[in-house]
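For reference, the chains in residue letters:
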Amino acid sequence: MQRRRFLAVLGLGAAELAACTASGSAPAPSSSVPHTRATGPSRSPGTSAAPRTSRVAPATSRAPRTLQQLATVLDGQVVTHGENGFRAARRAYDPIFDHQRPAAVVRCRSADDVARAVEYGASSGTTVAARSGGHSYAGYSTPNRGIVVDLSALSGVRVDGTSVKVGAGARLIEVYTALGRAGRAMPAGSCPTVGIGGLAQGGGVGVLTRSYGLTCDRLTGAEVVTADGVVHRVSAQHDSDLYWALRGGGGGNVGVVTSFTFSTEPAPDLVKFGLQFPNGTAADVFGAWQDTLAHAPDELNISCSITASDQPYAFVYGTYLGSEPAAHRQVNAFVKRAGVHPNYRQVTAMSVEDAMYSYAKCTGLTLAQAGPSWTGPGPGTIGRSTFVGTSRILRHQVDPAALVGAVQGSNTAVLVDAIDGAAGRVAPAATAFPHRGALATVQIYQGGSDRSAIDAVRTSLGHLMGPYGYVNYIDPAMPDWPRAYYAGNLTRLRSVAKKYDPHRVFDFAQNVNA
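Predicted model only: the values in this text are computed from it and were never measured. (Residues numbered from 1 in each chain as written. Predicted model: local features only at pLDDT ≥ 70, side-chain atom pairs only at ≥ 80, totals over all residues. Heavy atoms only, no water.)

A tally of regular secondary structure across the chain gives 15 helices and 18 strands. For the chain, the proportion of its 514 residues judged to be buried stands at 61%. Relative to all contacts within the chain whose residues are 6 or more apart in sequence, the contacts with residues 24 or more apart total 74%. (Helix = DSSP H or I, 4+ residues; strand = E, 2+ residues; numbered from the N terminus. Buried < 20%, exposed > 50% of the residue type's maximum accessible area, 1.4 Å probe, protein only. Contact = heavy atoms within 4.5 Å.)

Take a look at the structure:
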């Protein structure tokens, strides 16, 4: 997820193109419903969330009927509304959603725990939502009166040859650290506290996309719990329809993934670069960025962000897989094409791991320090952020002056990440991610809680680019959101969702299973 780069664009300067707030107090220790693992349901009364009787799934004989019963069959914990520690347990990344009140947070320690939580939701008619990193742009991982299936304890990362098995609760900084130490690499986002689960299921755009594809393109298998409490181990050969949907079909639509297996690449020689251009030159820079993509090698991963002030200015940054002299030649060619001299330039060779810590603004931090501060006591230093965001898809080149005119004076930040190259050579129907052949995702971002500016920019860019958007920047106000996010893959994705969740246990406002 790229919003940390927006924070840098908005206030931290070009030297750090990906910001990471190193502040925030640790929340109080969590309390939980005490549990004693038992072979059958407890007779103790419990408090269950309000049922949605019209959507109750057929219950299995083993399904817990109350939260108290659920607590007795878990290795993890059930933290309920009103208990000490519940406020910290339900807390997501964006404080905008602090008002949302789930019935319980279930801290799962295994796929079996997840299955029992899902069975409880199905038997009681309670909405179930998985939480990997808690960065949902619409707060869908914190459902009112629903069950949060907290996957944070499922965070192991194990590299085995050319593959890596990643627990669905692992955060990106954990994934990059493990890969770096094993001399491997894979494409993903740059925000350190984003969970791999949401990122991969929505597609996964980042600073290695042109070279290695989307995160979901590297998925070779997954363990997923469906609405009936069954644990599936999916791949191209097993439950292939479910496997297809997990690669770009959006988190929360078809089940709760508990682990992923990805293919990786040998860690390449890498050069990180960044250019800041003067006020009022954004159109020239964006035009050069579009032209560069027309003939750029896959080794060049290049993004363009525009700060939409009264005199919009642009940053261009990314990674080059190769030598530092070759990277300088690529950067020189870009500057010549733009016809504008940057007022800041940095081109630095570094390891993939160091590059990702740099993008996350976590250089010098330990892995533990690069974790979230809001999830409980511990050494994590990454704070929360109040923001609103939306998106469009750049399917083809547009008039640079028209784009800049559409955002000028909005005081938003617009980040354009290329999805051509290796990602663009995958067929649109091969995975659930539908935007193959497009040039880029376009994220529209603003700090604070006022949506008016991003909504206006989204509308203006829609007139210029078309009606599509990127599901990982999910927006409750996106017009015709099913078509916007899933385009030509919508019908098949809905069919898979209805097959595996016929009673909409995984229910939320923009669930494709409508």
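Still more ground to cover, so stick around.
Turning our eyes to something else, we now look at helix 10 (residues 324-338). A rise of 1.5 Å per residue sets the reference length of helix 10, with its 15 residues, at 21 Å; its end C-alpha atoms lie 21 Å apart and thus fit the reference within 8%. Within helix 10 the residues assigned to the buried category are Ala326, Ala327, Val331, Phe334, Val335 and Ala338. If you follow the buried residues of helix 10, they end up packed against strand 12 (270-276), helix 9 (282-293), strand 13 (300-307), strand 14 (313-321) and strand 15 (344-350). Of the residues flanking the start of helix 10, the one acting as N-cap is serine 323, its side-chain oxygen 3.2 Å from the backbone nitrogen of alanine 326. (Expected span 1.5 Å × (residues − 1). Polar contact = N/O pair within 3.5 Å; in protein donor to acceptor, adjacent residues only side chain to side chain.)

In terms of nonpolar packing, the biggest core is built from 100 residues, with Val114, Ile147, Val149 and Phe262 touching the most fellow members. Per element, the largest residue contribution to this core is six residues, and it comes from helix 4 (residues 111-124). The contacts of valine 149, once residues within four sequence positions are left out, are Val106, Cys108, Val114, Ala117, Val128, Ala129, Ala130, Arg131 and Val256. In this structure, Phe334, Leu394, Val398 and Ile454 belong to the second largest nonpolar core, which totals 44 residues. (Core = buried A, V, L, I, M, F, W, Y, C linked by side-chain atoms within 4.5 Å.)

Our next topic: helix 4. For helix 4, spanning 14 residues, the distance from its first C-alpha to its last is 20 Å, which sits close to the expected 20 Å at 1.5 Å a residue. Most of helix 4 is tucked away, with 13 of its 14 residues classed as buried. Positive phi appears at glycine 125, one or two residues downstream of helix 4, with a value of about 70 degrees.

The phi torsion at lysine 361 lies on the positive side, around 55 degrees, for a residue other than glycine. According to the relative accessible area criterion, lysine 361 is partly exposed, its value standing at 34%.

It is worth spelling out the pairing of strand 13 at this point. Judged by how many residues are buried, strand 13 sits mostly within the fold: eight of eight residues are covered. Residues of strand 13 alternate between two faces, with Leu300, Ile302, Cys304 and Ile306 on one and Asn301, Ser303, Ser305 and Thr307 on the opposite face, all of them buried. Where strand 13 lies against strand 14, eight bridges are found, and the strand directions are antiparallel. Note on strand 14: the bridge partner recorded for serine 305 is phenylalanine 315. Bridge count for strand 13 against strand 17 (residues 413-418) is five bridges, and the pairing is antiparallel. The residue of strand 17 that forms the bridge with isoleucine 306 is valine 414. (Pairing = 2+ DSSP bridges.)

So, on to the pattern of salt bridges. As enumerated under the stated definition, the model contains 14 salt bridges in all. Close ionic contact of lysine 499 with aspartate 241 constitutes a salt bridge, the shortest N to O distance being 2.8 Å. Taken as a pair, lysine 499 in helix 15 (residues 490-500) and aspartate 241 in helix 8 (residues 240-246) lie far apart in primary sequence, 258 residues in all. Residue aspartate 241 is classed as buried on the basis of its relative accessible area, which comes to 18%. The salt bridge partner of aspartate 475 is arginine 458, with a shortest N-O separation of 2.8 Å. Placement of the pair is aspartate 475 in the loop between helix 13 (452-465) and helix 14 (481-486) and arginine 458 in helix 13, with a sequence separation of 17 residues. No difference in accessibility class separates aspartate 475 from arginine 458, as the two residues are buried. Three or more residues joined by partner-sharing salt bridges are found here, namely Arg451, Asp455, Arg458 and Asp475. (Salt bridge = Lys/Arg side-chain N within 4 Å of Asp/Glu carboxyl O.)

Within the secondary structure, asparagine 489 is located in the loop between helix 14 and helix 15. Separated by 244 residues in the primary sequence, asparagine 489 and alanine 245 have C-alpha atoms spaced 9.5 Å apart. Apart from residues lying up to four places away in sequence, asparagine 489 is in contact with Trp244, Pro428, Ala429, Thr431, Ala432, Phe433 and Pro434.

Tallying each qualifying case throughout the model produces 13 aromatic pairs. Both rings, one in tyrosine 485 and one in tyrosine 486, keep their centres 6.4 Å apart while their planes meet at 70 degrees; by these two values the pair is edge-to-face. Residue tyrosine 485 is classed as buried on the basis of its relative accessible area, which comes to 1%. Joined through ring pairs, the aromatic side chains of Tyr93, Tyr137, Trp374, Phe387, Phe433, Tyr445, Tyr470 and Tyr473 make up one cluster. Positioned above the aromatic ring of tyrosine 243, the side-chain terminus of arginine 247 is 4.0 Å from the ring centre. Cation over ring: arginine 492 sits above tryptophan 244, and NZ or CZ is 4.0 Å from the ring centre. (Phe/Tyr/Trp six-rings, centres within 6.5 Å; stacked < 30°, edge-to-face > 60°. Lys NZ or Arg CZ within 6 Å of the ring centre and 35° of its normal.)

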